[in-house]
Amino acid sequence: MSIFNRQTTAAFLLGAAIFAGAGAFAVERHMDGAHAGHMLKHLYVEVDATDAQKAKIEPLVKAAMDDIKPLHEQLGQLHKQLAQQMGAPAIDRAALETTRAQGIALADQASKRLVQLMADVGDTLTPAQRQKLADHLSKMHGRGMHGGPGAL
């Protein structure tokens, strides 16, 4: 019996697809309502945000959540599609590649939206506040917490 049976291969490929779409998953996980509120409170404390800045940042985060949620849902559909492809009697490499490329495209869209959010939030902060945030993200990265949306 080979260690690389069909289930192991499917699990590996699903894991790879999840990794490829990590941006969309991370956003959905970290930017649900409760976690987004906690994340924002942490951000506000870290940079000593004013009430006016908070009033500008919250709608920016909500808009980003709203934009990224459909990408997460699409990625979930791609994972189902990948599982179906792996369960087929014959492996269709072209179909698998198409599914992989679609997952990468969704992750890229999510990543672009996150960078837009970072820039929009950065526009509301002073240079000193942005430096505090950058220093904080560097520390988080150094501890293995890769400075993504949850690190704010």
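Keep in mind the model is a prediction, meaning the values are calculated, not measured.

1. Quick look at the pattern of salt bridges
Phase 1 of the analysis: Taken as a whole, this structure holds 5 salt bridges when the rule is applied.
Phase 2 of the analysis: Aspartate 67 serves as the salt-bridge partner of arginine 113, at 2.6 Å between the closest nitrogen and oxygen. Within this pair, whereas arginine 113 is found in helix 5 (residues 93–124), its partner aspartate 67 is found in helix 4 (residues 51–87), the two being separated by 46 residues in sequence.
Phase 3 of the analysis: Judged by its relative accessible area of 11%, arginine 113 falls in the buried class.
Phase 4 of the analysis: By relative accessible area, aspartate 67 is classed as partly exposed at 41%.
Phase 5 of the analysis: Two residues, glutamate 97 and arginine 100, come together in a salt bridge whose shortest N-O distance is 2.6 Å. One end of the pair is glutamate 97 and the other is arginine 100, both in helix 5 and 3 residues apart, which spans about a single turn.
Phase 6 of the analysis: For arginine 100, a relative accessible area of 44% gives the class partly exposed.

2. Regarding the confidence of the model for the protein chain
Phase 1 of the analysis: Averaged over all residues, the pLDDT of the protein chain is 78; the fraction at 70 or higher stands at 70%.
Phase 2 of the analysis: For residues 145–152, every residue scores under 50 in pLDDT, and the model assigns this stretch 21 contacts once sequence neighbours within four places are set aside.

3. Topic: the nonpolar core
Phase 1 of the analysis: In this structure, Leu40, Leu43 and Ile57 are the most contacted members of the largest nonpolar core, which totals 14 residues.
Phase 2 of the analysis: Mapped by element, the contributors of at least two residues to this core are helix 3 (33–47), helix 4, helix 5 and helix 6 (127–142).
Phase 3 of the analysis: Not counting chain neighbours up to four residues away, the residues in contact with isoleucine 57 comprise Leu40, Leu43, Tyr44, Val121, Thr124 and Leu125.
Phase 4 of the analysis: Grouped together as the second largest cluster of nonpolar side chains are 7 residues, Ile68, Leu75, Leu106 and Ala110 included.

4. A closer look at the side chain of glutamine 53
Phase 1 of the analysis: Mapped onto the fold, glutamine 53 is located in helix 4.
Phase 2 of the analysis: Take glutamine 53: its relative accessible area is 8%, and that puts it in the buried class.
Phase 3 of the analysis: At a separation of 2.9 Å, a polar atom in the side chain of glutamine 53 contacts the main-chain carbonyl oxygen of threonine 124.
Phase 4 of the analysis: For glutamine 53, the contacting residues outside a window of four places in its chain are Asp48, Thr124, Leu125, Thr126 and Gln129.

Rules used in this analysis
Residues numbered from 1 in each chain as written. Predicted model: local features only at pLDDT ≥ 70, side-chain atom pairs only at ≥ 80, totals over all residues. Heavy atoms only, no water. Salt bridge = Lys/Arg side-chain N within 4 Å of Asp/Glu carboxyl O. Helix = DSSP H or I, 4+ residues; strand = E, 2+ residues; numbered from the N terminus. Buried < 20%, exposed > 50% of the residue type's maximum accessible area, 1.4 Å probe, protein only. pLDDT = per-residue confidence, 0-100. Contact = heavy atoms within 4.5 Å. Core = buried A, V, L, I, M, F, W, Y, C linked by side-chain atoms within 4.5 Å. Polar contact = N/O pair within 3.5 Å; in protein donor to acceptor, adjacent residues only side chain to side chain.

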